[in-house]
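Descriptive analysis of the structure
Below are the chains, spelled out letter by letter.
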Amino acid sequence: MNRHRIHLIAAARPNFMKVAPLYHALKEAPWAETVLVHTGQHYDPNMSDAFFRDLGLPDPDIHLGVGSGTHAEQTAGVMVAYEKVCLERRPDWIVVVGDVNSTIACALVGAKLCIPVAHLEAGLRSRDRTMPEEINRILTDAIADLLWTPSPDGDENLRAEGVPAERIERVGNIMIDSYEMMRSRIEAAGTREAFGLSPRGYGVVTLHRPANVDTPEALAPLVEQLVASAARLPLVFPVHPRTRGRLEDFGLMSRLKDAEGLRLVEPMGYVEFMNLVQEARLVITDSGGVQEETTYLGIPCLTLRDSTERPVTVTEGTNRLVPPPELLDHVEQVMRGDWPEGRVPELWDGRTAQRVVASLARRLGVHADRT
Ligand code: UD1
Ligand code: UDP
C-alpha cells in the first residue's frame, strides 16, 4: 500500500502532550507513515526526554537540534534545518501543534514548499500581541490548510479573521487525551506522598511567561506574593529553566529558597507532575496547558495573567485570571471554599486524536475502513 508520509512536529514541553496521542493513533492507521520530527527547541532531559519516556514516544526519527536563541535565531534556525529535511524527503502533510516558535517556523516552511499543513490547537487568541505565542498563533493559522480547534471560541476567532469554514474542524482538546492515556500511571505515581503532603493540603506553582519573569519589576513582587501564599498553604514549585535563570540573575532565588512552606524543585516529568496537580488544593500558574488540565480535573486555577487564549477555562472551568498583587487574596478565597466548581468543556473527552486521524483520512481521500 502506498502510505502517506505525515510529519509530526514536536519542539517544546507542551508539544509533547499534544503530539503523543496523535502519534499513537496514527501508528494504527495503515495508510500513514508517521515521521516524528523534534526541532530541539527544548533539550534538557527534564524538559524533553522525560516526556518521550513518560508518553511512550520513540526517539524522534529526525532531530533538528536547534536549541535556544533569540526569537529570530530560533525561528530561522528551525526553518533552515526543517526546509532541508522537506527538500530531501518531502512529506505529504505536516502537522504542527500549539504556539511555540517551532510551530510557525515549520508551518512557514511547509506553506512555501506547497506542502499541506495542519494546525492542532488552532484558533486560540489572547488578543495580547506582546505575547510571542499570539504572533505565532495568528501567523500559523493564516497559512495552515487545515485548522483543528479545541473549542467553539477557536472557530469564531478564525471565522472573524476571514478563514473559510471548510478549513476549520473542531476536534476537541488533545491535552485531555494525554491525561486519559496516562491516567492509571498518574494515579499510581505517588508524588504527593513522596513530598509528605496531604491530599488537598498544598498548592502547585508553575511560572515561565516572559511578562512575569523577565524583568525584576514583575518578578520581585510576584516572589513576595508567593512567599506570603506559602505561609498560608504549602507550595511546590517546579522551576522552568527560563525562570530559574531570571531568579538567579535578579538575586531573588534565595528569597524563595528560604521561604517557609515553599519547595523549589526541578521541572517534573508529566506523570509525576499531574499526580501532584490532581491532588492539589489549588494551582498557581501562567501556563497555557495547566489552565486546561486544572479545568478538566476541577482544581481551582489562579492564572497570573491579564488575558487568556483559553477563555472556556474561565467561562466553563475552574480558572480565574488573577492580578499578581492579588494572589494571596485569591489563595484565601480558595481556602474559604469560595471558588466555582466548573464543568468539563464539550469534546474534552480523550478522543480528540481519533477525530484528528479521521479528519486527516478524509482530507487524504482514504477510505473510512482503512482508518
Ligand atoms: C517556550 C515557548 C512558550 C512555551 C514554553 C513551554 C516560544 C516563543 N516560547 O518558552 O510558548 O509556553 O516554551 O515551556 O516558543 N532553556 C533551557 N533548557 C531547555 C529549554 C530552555 O535551559 O531545555 C532555557 C534557555 O536559557 C532558553 C530559555 O530557557 O533561552 C527559554 O527557552 P525558549 O524555548 O526560548 O522559551 P521558553 O520560555 O521555554
Ligand atoms: N508540566 C510538567 N512538568 C512541570 C510543569 C508542567 O509535566 O514541571 C506539563 C503540564 O502538565 C502541561 C505542560 O507541561 O501538560 C505545560 O507546559 P508549559 O507550561 O511549559 O507550556 P505552555 O502550556 O504554557 O505553553
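Structure: see above.
All of the points below concern the structure found in this document. Just so it is clear, the structure is predicted and the values come from calculations on it, not from any experiment.

The next subject is the overall build of the protein. Counting its secondary structure elements, the protein contains 17 helices and 13 strands. The C-alpha atoms of the protein give a radius of gyration of 20 Å, which matches the 21 Å a tight globule of 371 residues would have. Along the first, second and third principal axes, the C-alpha set of the protein runs to 60 × 40 × 40 Å. Counting the 371 residues in the protein, one finds 57% classified as buried. Excluding contacts between residues fewer than 6 apart, the proportion of contacts in the protein whose partners are at least 24 apart in sequence is 70%. Here the protein contributes 40 positively and 52 negatively charged side chains, and the mean placements of these two sets differ by 3 Å.

With that out of the way, let us pick up the layout of surface pockets. The calculated volume of the largest pocket comes to roughly 1,000 Å³. Taken together, 47 residues form the lining of the largest pocket, with A12, H42, M47, H208 and H240 sitting closest to its centre. At the level of secondary structure, the elements contributing two or more residues to the lining of the largest pocket comprise helix 1 (13-27), helix 3 (71-88), helix 5 (132-143), helix 11 (241-249), helix 13 (270-278) and helix 14 (288-297). Looking at the lining of the largest pocket, its residues break down into 17 nonpolar, 16 polar and 14 charged. Within this model, the second largest pocket holds a volume of roughly 350 Å³. Of all the secondary structure elements, the ones that give two or more residues to the lining of the second largest pocket are helix 5, helix 9 (210-213) and helix 10 (216-232). Tallying contributions element by element places helix 10 first for the lining of the second largest pocket, with four residues. Grouping the constituent residues of the lining of the second largest pocket by class yields eleven nonpolar, three polar and six charged.

Turning next to the site of ligand 2. Close to ligand 2 lie 19 residues, the nearest being M268, S287, G288, G289 and E293. Within the backbone of G289, one N or O atom sits 2.8 Å away from an oxygen atom of ligand 2. The fraction of the free accessible surface of ligand 2 (540 Å²) that becomes covered by protein chains is 98%. Structurally, ligand 2 is housed in the largest pocket. Of all the secondary-structure elements, those providing two or more residues to the shell around ligand 2 are helix 1, helix 13 and helix 14.

Of all hydrophobic cores here, the largest spans 60 residues; its most connected members are I6, L26, W31, L55, W148 and Y270. For this core, the element with the highest residue contribution is helix 1, accounting for seven residues. By size, the runner-up hydrophobic cluster in this structure holds 28 residues, among which are A230, L256, V322 and L327.

Cut-offs applied
Residues numbered from 1 in each chain as written. Chains lettered and ligands numbered in written order. Predicted model: local features only at pLDDT ≥ 70, side-chain atom pairs only at ≥ 80, totals over all residues. Heavy atoms only, no water. Helix = DSSP H or I, 4+ residues; strand = E, 2+ residues; numbered from the N terminus. Rg over C-alpha atoms; globule rule 2.2 N^0.38 Å. Buried < 20%, exposed > 50% of the residue type's maximum accessible area, 1.4 Å probe, protein only. Contact = heavy atoms within 4.5 Å. Lys, Arg positive; Asp, Glu negative; His and termini not counted. Charge placed at Lys NZ, Arg CZ, Asp CG, Glu CD. 1 Å grid on protein atoms, 1.4 Å probe; cavity = no way out; pocket = protein on both sides within 12 Å on 5 of 7 lines; lining within 4 Å. Points joined across faces, edges and corners; volume = space filled by probe spheres on them. Nonpolar A, V, L, I, M, F, W, Y, C, P; charged D, E, K, R; others polar. Near = heavy atom within 4 Å. Polar contact = N/O pair within 3.5 Å; in protein donor to acceptor, adjacent residues only side chain to side chain. Areas by Shrake-Rupley, 256 points an atom, 1.4 Å probe, with all protein chains shown as cover. Sits in = over half its atoms within 2 Å of the grid points. Core = buried A, V, L, I, M, F, W, Y, C linked by side-chain atoms within 4.5 Å.

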